[in-house]
Every structure is written in structure tokens, then in C-alpha cells.
Amino acid sequence: MSLFLASLGFGLVTASVLAIAAVGFTLQFGVTDVLNLAYGAVMIAGAFIAYVINNAGLSVWVGLPVAVAVCSGGSVALNSLVYTPFQRRGASPITMVIVSLGVTLIIEFGVQAVAGGTSVSYHLAQGPTLQAGGLILTAVQLGVIALSLVVMAGVHGLLRYTKLGKAMRATAANRMLARTCGIRTGRVITLTWALTGALCGLAGVVFGIDSGSFDATSTDVFLVLILAAVFLGGPGQAYGAMLGAAVIGIATEVSAAFIPADYKYVIAFVILLVMLGIRPAGLLGARA
Amino acid sequence: MNSYYLINLLIYAAVDAMACLGLSQQFGIAGVTNFGFIIFQAAGGYAAAVLAMPSDSANGHFQSYIGGWHLPFPLPWLGAAVVGGALALPFTFLVGRRLRGDFAAVGLLVTAVLVNLLVTNYVPLLNGDAGISLIPEPLQGVLNAATSGYQWAFTAVAVILCAGVYLLVRRLTESPYGRTLRAMRDNDTVADSLGKDLRSLRTGVLVTGGAIAGLSGGILVSYITTWSPAAWGYAETVVLFAAVIIGGAGNHRGAVLGAVLVPVGFEEVTRFIPSSNNLPPNLIPSLEWVAIGLLIVIFLWFRPQGILPERKRAIALPAVAADVQSGADDPQELTQPTLARRSGAGSAGPDASPVVLRADGLTREFGGVRAVSDVSLTVRRGTLTGLIGPNGAGKSTLLAMLAGTLPPTSGTISCLGQDVTALPAFRRARVGLVRTFQLASEFKRLTVLENLLSAVPGNRGDSLAGAIRGRRYWGSDELAAIATAEALLRRFGLLEVAGQYAGDLSGGQRRLVEIMRALMTEPTVLLLDEPMAGVHPNLARRIGRELVALCRDGMTVLMVEHELAIMDEFCDPVIVMAEGTVLAEGTMAELRARTEVVEAYLVG
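Small disclaimer: the values here were computed from a predicted structure and weren't measured. Sequence positions are assigned chain by chain, starting from 1 and proceeding in written order. Both sets of labels track the order of writing: A upward for chains, 1 upward for ligands. Totals for whole chains, interfaces and linings use all residues, but because this is a predicted model, local features are given only for residues with pLDDT of at least 70 and pairs of side-chain atoms are given and counted only at 80 or more.

Quick word on the overall build of chain A
For clarity, the threshold we go by: To qualify as a helix, a DSSP run of H or I must reach at least 4 residues; to qualify as a strand, a run of E must reach at least 2; elements of each kind are numbered from the N terminus. A radius of gyration in this sense is built from C-alpha atoms; the matching globule rule multiplies 2.2 Å by the number of residues raised to 0.38. Note on burial: count the other C-beta atoms lying within 10 Å of the residue's C-beta; 20 or more is buried, 12 or fewer is exposed, in between is partly exposed, and C-beta positions come from the backbone.
Helices and strands together make up the secondary structure of chain A, namely 11 helices and four strands. Over its C-alpha trace chain A gives a radius of gyration of 18 Å, about what one expects of a compact globule, namely 19 Å for 288 residues. Overall, the C-alpha framework of chain A stretches about 55 × 40 × 35 Å when taken along its three principal axes. Classification of the 288 residues of chain A by burial places 53% in the buried group.

As C-alpha cells, then:
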């Protein structure tokens, strides 16, 4: 039982990291219609930016906003320099995915070329360990969970109550119609890249904090978890991604208590393939 | 240049070229984006290894693996191809009709990442991360593998097998089966509506490509005698994609060229970077990956067709024989006063002739909106039935449900007395219920003639097995199909453009291609969705006359059309739809007398 509770604690942390990443991914895909497989590469770039600042003697928490800003700007640049030109030319969805794979290699191995192939970790005190009802979490882990909850609440508020959020939802539902209704879809899409890029950078840094040590290729497998969470909830569905992240994050960590930890991702993989095969619109995607 | 270097180069080139040919067949010809391609090569490699090796207890358990059957050459290579092909079968569910191509690609990519993770971590299966080593070379023990004669013989066999693969994929591609694959690549929904079984076609492509990849893996491990998960990361697939894109997807020579330029070329170029410098150890490999990523993006932007683009397939028309035939056939067909015949049949015929298509209570909802609501209708043999109604009346939705492109929310459909409600589109097409589309739907990178030929049912060469048996097996079917297509092209006046890509035609010509292509299936019931939209009125009238002539010969047409003059002239009866329901049915004269119909649609 204690093993279960301990793994549940890990699961909550993983789910928190995953939720930030998956919500960003799903909004990016839903609004911009780009299945951006380079998302994981941008994440790890963000993690390394925070590492560079951290390594220079500053706190990770100082590196975090810098990584967020760089990933946000970088995603906007990526879209306007690569994806939008291809889309304007009428590239098929499959061409876009291949382009995004090319971009993945450029970013991921660009990071590796600069950072070297070795694993790094942040200099970060985990803080006091807290226990509550069998759950054991460090202060930093609690911080990650709290941060994720704040981000989820923020995304909820944005989509629900702001003009930009409504414009994003309208653009996701039908870009042409949104445009004819007077929504400046080009601007909405740029802002979406900025926002989801920021979420991506944030996810990268908390991923680095949560995983302890990481290298340039660490997000290859994490991208599978993101995709599983996104497809479980339904691609393009922000609340679906939150639900998916909770299920996938907790399921992988809890399963690690019972099967060798190396195989904990199998459950995410199975969920993803089952969803793709049976219900590609996802659990919350029935309306799509 | 010593001979060891040359042997190494040739074997790698043969293995990579083989893999690229398999991938090009999937991606370039059939449009199946298999981001998990490398695991098929990996599976072939492992299969060849464990088939050739002695049991893992033989060398004191220093490595553990399943199998160890110690089979003689060439069984391990055969096994590699079989395992590579069989591995495709579990993916069948991913590549059916319903899943978007990019989602299926993601599924395959994810599979590749996780299979690698599993094999890396689960040691008893294939010795985990360390991989398998001491894999026997072919005929080791019989021959001395260290001699240069042996090495050259190995090279020759690898190159010959590569040439064999090249001939095989060419034979497959340049057959009616290959044409069907290319049609599916250009527009899978339309291929489905013409009776092509997408799932089985894609599975077939995954199996052939997988077998080729497996064989290439088997040859590779027999040469390098070791195989580990590091050799087949997901990114290796991207290298092969880069090769195929750069060489020219859909062109087999391009695939070979790409293999030489990208995987082999990168390996060779890095040889010339001096190793005794102070660069960090990971820098050069990392930059290689960056370069491959850049090459993909740059090529897709500046030269998406690759260095050697897919070439146009010119099919010779038996022009002389046809000229004689047409002299007798053509003018008669066009000058015959079709209206007189039709009015004669129109008064007594339709009511007496049997019902060929029946819909009962058809309903389709889109998120709470009823696009079609409880529609029942019958279409009788030999009629040219019109379907009119204002925009948003549900005409196209109804047509899509009848053809099987869209599943109904409720209701039943029967064709020729058979309940087809549960049949997917391609099966309905095989029953004889075929549709065309409102939006342009020609196969862009097939010539006009190929567009027509692609629709012919029952060509013996239109299957994997038939294509392998070669032109001698299917040539006569093909000639018959070409003759039919030529007659049709002549009838619709498109013979001059028969050899052009359908995507290069004008809008009106493309509509004609689509109608002719549907006719090539020899449909019993033809569903046409605005076939005359954007077509010159004279040509529209000519299409109308041809359709009437075909109906006289027993075909049945249900046609959505906005142009009332066309309805007046050719259609009887006409069904009027409004707001998802059938409002009225009758001749145009009868309909004009009914106020509710006039109010709904005919005003003005």
C-alpha cells in the first residue's frame, strides 16, 4: 500500500509536468493545424536554456522565465519561418509532419551539438520532504504540482473568459468561418504559437526538474507520453489533454510499482495505439 | 582505395538502397507514411541473427536471446524477409479508412520509439542494450569468411539481391496494382468509392515494404555480425525518409540515388574529417543529424519532387484500330436524337421498371444538426433521376450516405435488393453503386488514361499476386481496359489529353474525367454530385445526352444538379429536397405546378 501511495505521489508530479506539455501541444495542434512533432525538441531546448543559466550560478527559478520566453519566441519564429510558408503553399498534413520531424532533428541535435551528449542536472535543493496520508513529496515536487494547477486554471480562464481564448476556440473549430466572422486568424495563430511555445518551455524546465538528469534526447520518449495524453483526451481538446495527462501520468508511475520501471511507458503506448485505432477523436472529441 | 573499403561501401549501398526501395514503395507510390520503417529492418536483422546463431547456451550465456536455431544459409535471410513482412500485420488496424494519414504516421513513429525502448531494456529477448554479437556469416565453417574471394562473393550476392528487389518493386509499380496504389496515394476517399479496399491495399504495402526492409536487415547483420538497439533508433527512419525525398519519392532510381547520397554519402563524408582533433566526441554525429533535418526541410521546400521526379507513364493507345471503329460509332452516338427515345420510355417505362436503389428513413446528424431527416426514396432502373434543392438541403449528405462515404445515423439503404447499409463504400462500389464528388477529385499524378484505367474492376493485374505474375498474366485484361477507355475518351472528346496528368486539366475537363472514370467501373447505379458544375453549357448538354443513352442501355443515374435547364431536358423523375427532407417527386412539369416546391426552390 505504501508503495502504491509513493508511486501515486510520483504519478501526480509526472501528471503535472505532462499536463502543462500536453495542453500546450493540443492547443497548438487544434488552433494551428500543425502536428508539431518538434514540440519535444523545443521542450528540451528550454530545459537546457534554464540549465545554462542555472550553471552560471543563478537559480533554476530564474532560468525558468528565460526558457519560457525563448521557447515562446522560438515557436513563433518556427511557425512564421517554416510551418506557415509550407501551409500557404498547400502542403498536405503528412508533408507538415515530415517537415516537423526534420525540424525535430535540427533542434534536438543542434542542442546536442552545443551541449554535448552527456546528461546534466539542475543544482536545486529538493527542500524538506512532506508527508500527508502516505503521500511523500518534496517541496519542489509540491511546487511543480502547484505550478501546474495554476497553469491549468490560467488556461481554463483564458479559453473561457477572454476574447483571445474565444477567438482561439473559434479558429480551431473552423478557421475560414472564424475569419469571415471578423476574427483576425493570422494574429490568433501567432499568439497561439507564442502561448503554446511558452507552455512548451515551461514544461521543458519542470521536466528537467522532475527527471533529475536529462540529455538532448530525453524528450523522445516523453513526447510519446504527450501524444498519448493528447490522443486520449482528443486532439485539439484542452480539457481532454488535462484529463489525458492525469490518466497517463498516474497510470505510468503507478504501473511502475508493479512492473519493472523500464516498461512503465508501455501503458501509455498501448493507450495511444488503442485510441488511434478505435477512437482517434479521443474521449472528449465526440463533437469534433 | 583498398578492396576492403570498396566491399564495405558496396554492401552498405546495397542494403540502404534496398531499404529505400521498400520505403519508396510505401511512401512514394502508395502514400503510406511509415515512420516506423526502421523496426522492420531491425526485425529482419534480429531474425537473421537468431536463426543463424547456435542456442544462447552454446557460448556460455555471455549473451542471451530467444531462438538460436543454427539454420544454414540462406534460411536466415529468408526468415528475415518473412519476419519483416509478418511484422506489418499487427499494424493493419492503424491504416484503414478512418484514420488520418498523419495520425497513422504518428502511431507508427511511437511504435518505433517504444519497440526500441523495450528491446533495449528487456535483456532475455535479444540481449538488450548490448545487442547481439558473433552473428555467423553466411556459410561460415564451409567457406573461409576472411578471404577476399568470400567477401567479394558476399558483395555480389548483396548487390544481386538489391537488383532483384529493384526489379520486383518496378514490376509491382508498373502494373494495374501499382496504378491502384498511386491512385490511393493521390486521393484515398475517391479510390475507396471506386471499389478499392484501402485497408488491404495498405496492409499489402506494409507487408511488401516490411519484407524488403527485413531482408536488408538480414544482409546487414550477416555482414557486420552484430546488431543492437543503438543501430535502429527512430531517427534512422528519418534518414531513409530524407534519402527517398531527396532522391525522388515514387521513382525507384531516385530511391537508389537517395540511398547513395544520404546514408552512404554521410558515412563517407565524415570519414574525411580528421579524427585527431580537439572536437567534442558527439559534435560531428550531432551535426550530421542537424544536416539531415535541414536537407529534409530544404528539399521539401525547393524541390519536393526530388532529384529524379516520378516519371509520367505513357500508355500507347491502339490508335489505328480505333479510328476505323470510331468512324462508325462516334457520329451516330452524338447525333442521335435522344429526347425522342426518352419521352417514349419516360411515360410508361420508369413506373414499370424495377427499383434498383431504395432508402428508408435515412437520417444523418452532425452534432445535433439534422442534415438529412428521415428521407425515403426509390430509384428505378433505367431512369435518370434528378435531385434538386436549395443549398444546405442535404443533397450531398444524402448522396454520401447512399454511396457509403458517410455512415447514416439511422435508416437503411438497399441496392438491387441487397441491404447495403452496413457495407463500406468500396464494397458498395463492387455491388455497382458508384459515386462522383462535388469537389474536384481526379487522381492528380495519374494521366487521364490512367485515371480511367484505375477504375476498371476485376483486372487480373490489380492485386499483389497478379502484379507479381507479370504482364503476361494481366496484359490481355489491360488491353481490353485500354480499348474501353479509349472509346470513352473518344466519346467525350478527350482523346487528345489522354496522356496528360489529370491535375493539369481545366476544371470542365476534370469533371469529365471523373464521370468517365466512374463509368469505367460499369456501375449499375451511378450517383453524380453536380457533374455539370463549371462545365460549358454545350458540354453539359452533351454529358446529359450521353447519360440518357447509358440509361437507355440499363444503367441508372441519380444526379444532384442546380441547373434547372438540365433537369428539364434530361431528368425524369426529379426529387426535390429542402431542409433535410424530401419535399416532392415528379416530372419537372408536375413540380412547377406545386406551390410548396416553387416556394422552396423554383422561384425565379
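Quick word on the sheet that holds strand β4 (residues 410–415) of chain B
Residues and elements named next belong to chain B. Selection rule: Pairing between strands requires that DSSP locate at least two bridges from one strand to the other. Residue pairs qualify as contacts under a 7 Å threshold applied to their C-beta atoms, which are placed from the backbone. The axes used here are C-alpha line fits, helices contributing only the stretch in contact, and every angle between their N-to-C directions lies in the interval 0 to 180 degrees.
Pairing in this open sheet of four strands is antiparallel, and the strands run β2-β1-β4-β5 from one edge to the other. Every other strand in the sheet has two partners, leaving β2 (369–380) and β5 (418–419) as the edge strands with one partner each. Direction of pairing for β4 relative to β5: antiparallel, over a ladder of two bridges. Following the sheet pairing, C415 is matched in β5 by Q418. Lying over the sheet, helix α15 (residues 395–403) contacts β1 (355–366), β2 and β4, oriented at roughly 120° with respect to β1.

With respect to the interface of chain A and chain B
Basically, it comes down to this: Amino acids outside the nonpolar list (Ala, Val, Leu, Ile, Met, Phe, Trp, Tyr, Cys, Pro) and the charged list (Asp, Glu, Lys, Arg) are all regarded as polar, and Gly is one of them.
Listed by partner, the interface residues are 34 residues for chain A and 34 residues for chain B. Ranked by residues supplied to the side of chain A that touches chain B, first place goes to helix α4 (residues 93–115) of chain A with 15 residues. Along the lines of polarity and charge, the residues of the side of chain A that touches chain B split into 24 nonpolar, seven polar and three charged.

Some thoughts on the domain arrangement of chain B
All names here are of chain B. Rule in force here: Boundaries of every domain are those given by an automatic assignment or by a domain database.
Domain annotation for chain B reports domain 1 (3–231) and domain 2 (337–442 + 505–602). Between domain 1 and domain 2, the C-alpha centre-to-centre distance is 48 Å. Across the contact, 10 residues belong to domain 1 and 12 residues belong to domain 2. Of the residues in the side of domain 1 that touches domain 2, the class split is two nonpolar, four polar and four charged.

A short note on the nonpolar core
Residue and element names in this part refer to chain A. The condition is simple: Definition of nonpolar core: a set of buried Ala, Val, Leu, Ile, Met, Phe, Trp, Tyr and Cys residues joined via C-beta atoms within 7 Å.
If you look at the biggest cluster of nonpolar residues, it comprises 293 residues, and the most contacted ones within it are V224, I226 and L272. The dominant element in this core, judged by the number of residues it contributes, is helix α1 (residues 2–32), at 15 residues. Ignoring sequence-local partners within four residues, the contact set of I226 consists of L18, A21, A22, F25, Y39 and G40.

Re the packing of helix α9 (residues 219–233) of chain A against helix α11 (residues 266–278) of chain A
Two packed helices can be described by the angle between their axes and the distance between those axes. Residues and elements named next belong to chain A. To keep things clear, this is the line we draw: Oblique is the label for any angle not under 35 degrees, not over 145, and not in the 65 to 115 range, which are roughly parallel, roughly antiparallel and roughly perpendicular in turn. What makes a crossing left-handed is the near helix being turned counterclockwise from the far one by less than a right angle; a clockwise turn instead makes it right-handed.
It is at 9 Å that the axes of α9 and α11 come closest, and there the two elements cross at 40°. Judged by the angle between their axes, α9 and α11 are oblique. Both α9 and α11 take part in a crossing whose hand is left-handed. Where α9 abuts α11, its residues V224, L225, L227, A228, F231 and L232 lie against A268, F269, I271, L272, M275 and L276. Across the contact of α9 with α11, the residue classes break down as 12 nonpolar, no polar and no charged.

A short note on α11 of chain A
Since the α-helix packs 3.6 residues into each turn, any two residues three or four apart lie on the same face. Defined as follows: Given a helix with a known number of residues, its expected span is that number minus one, times 1.5 Å.
Compared with the 18 Å implied by 1.5 Å per residue over 13 residues, the 18 Å span of α11 of chain A between its first and last C-alpha is a close match. Turning to α11 of chain A, its buried residues are A268, F269, I271, L272, L273, M275 and L276 of chain A. Structurally, α11 of chain A contributes buried residues whose contacts are with α9 and α10 (238–255) of chain A together with α4 (101–121) of chain B.

Some details on the pairing of strand β3 (residues 135–138) of chain A
Residues in a regular strand project their side chains so that they alternate between the two faces of the sheet. Residues and elements named next belong to chain A. Across four bridges, strand β2 (residues 129–132) lies against β3 in antiparallel orientation. Following the sheet pairing, A132 is matched in β3 by L135. Count of turn residues in the β2/β3 antiparallel hairpin: two residues, of which G133 carries a positive phi of about 55°.

Concerning the sheet that holds strand β3 (residues 384–388) of chain B
Residues and elements named next belong to chain B. Taking strand neighbours across the sheet as the criterion, the six strands line up as β6-β7-β8-β3-β9-β10 in an open arrangement whose pairing is mixed. Of all the strands in the sheet, just β6 (433–435) and β10 (581–586) have a single pairing partner and so form its edges. This sheet shows a mean twist of 20° between the axes of neighbouring strands, independent of strand direction. Strand direction decides the pairing type here: strand β7 (residues 525–529) and strand β8 (residues 556–560), joined by five bridges, are parallel. Across the sheet, the residue bridging to L528 is M559, located in β8. Its contacts with the sheet place α15 against β3, β6, β7, β8 and β9 (574–578), and it is angled at close to 150° to β7.

Focus: the environment of E563 of chain B
All names here are of chain B. For E563, the position within the fold is in the loop between β8 and α22 (564–570). Classification of E563 as partly exposed rests on a count of 16 C-beta atoms within 10 Å. Ignoring any residue separated from it by four or fewer positions in sequence, one finds E563 in contact with M532 and A540.

Topic: the pairing of β2 of chain B
Residue and element names in this part refer to chain B. Here eight bridges tie β1 to β2, and the two strands are oriented antiparallel to one another. Its bridge partner lying in β2, R358 is registered against T378. A loop of two residues connects β1 with β2, the two strands running antiparallel in sequence, and G367 in this loop sits at a positive phi of about 50°.

Some remarks on the packing of α10 of chain A against α11 of chain A
All names here are of chain A. Running from amino to carboxyl end, α10 crosses α11 at an angle of 140°, the nearest separation of the two axes being 8 Å. With respect to α11, the element α10 is oriented oblique. Within the contact between the two elements, α10 uses I248, A251, T252 and S255 and α11 uses I267, A268 and I271. In terms of residue class, the contact of α10 with α11 is made up of five nonpolar, two polar and no charged.

Let's talk about helix α2 (residues 39–55) of chain A
Residues and elements named next belong to chain A. The end-to-end C-alpha distance of α2, which contains 17 residues, comes to 24 Å, matching closely the 24 Å that a straight helix rising 1.5 Å per residue would cover. The element α2 is extensively covered by neighbouring structure, given that 14 of its 17 residues are classed as buried. Just beyond α2, the residue with positive phi is G57, at close to 110°.

As for the environment of A231 of chain B
In this structure, A231 of chain B sits in the loop between α9 (198–224) and α10 (234–247). A C-alpha to C-alpha distance of 61 Å links A231 of chain B and P390 of chain B, two positions 159 residues apart in sequence.

Overview of unusual backbone geometry
Residue and element names in this part refer to chain B. The residue after F73, namely P74, is reached through a cis peptide bond having omega 5°. Take P74: it is sitting in the loop between α2 (37–52) and α3 (75–86). In this structure, P573 follows D572 across a cis peptide bond, with omega equal to 0°.

What about the environment of V113 of chain B?
Summarising the element assignment, V113 of chain B is placed in helix α4. When the C-alpha atoms of V113 of chain B and R517 of chain B are compared, they prove to be 42 Å apart, with 404 residues separating the residues in sequence. With residues up to four places along the chain from it excluded, the contact list for V113 of chain B reads D220, V221 and V224 of chain A together with Y234 of chain B.

So, the confidence of the model for chain B
Here is the rule: The pLDDT value tells you how sure the predictor is about a given residue, anywhere from 0 up to 100.
Chain-level statistics for chain B give a pLDDT mean of 87 and a share of 92% at 70 or above. Confidence drops under pLDDT 50 across residues 320–350 of chain B; counting only partners more than four residues distant or on other chains, this segment forms 20 contacts.

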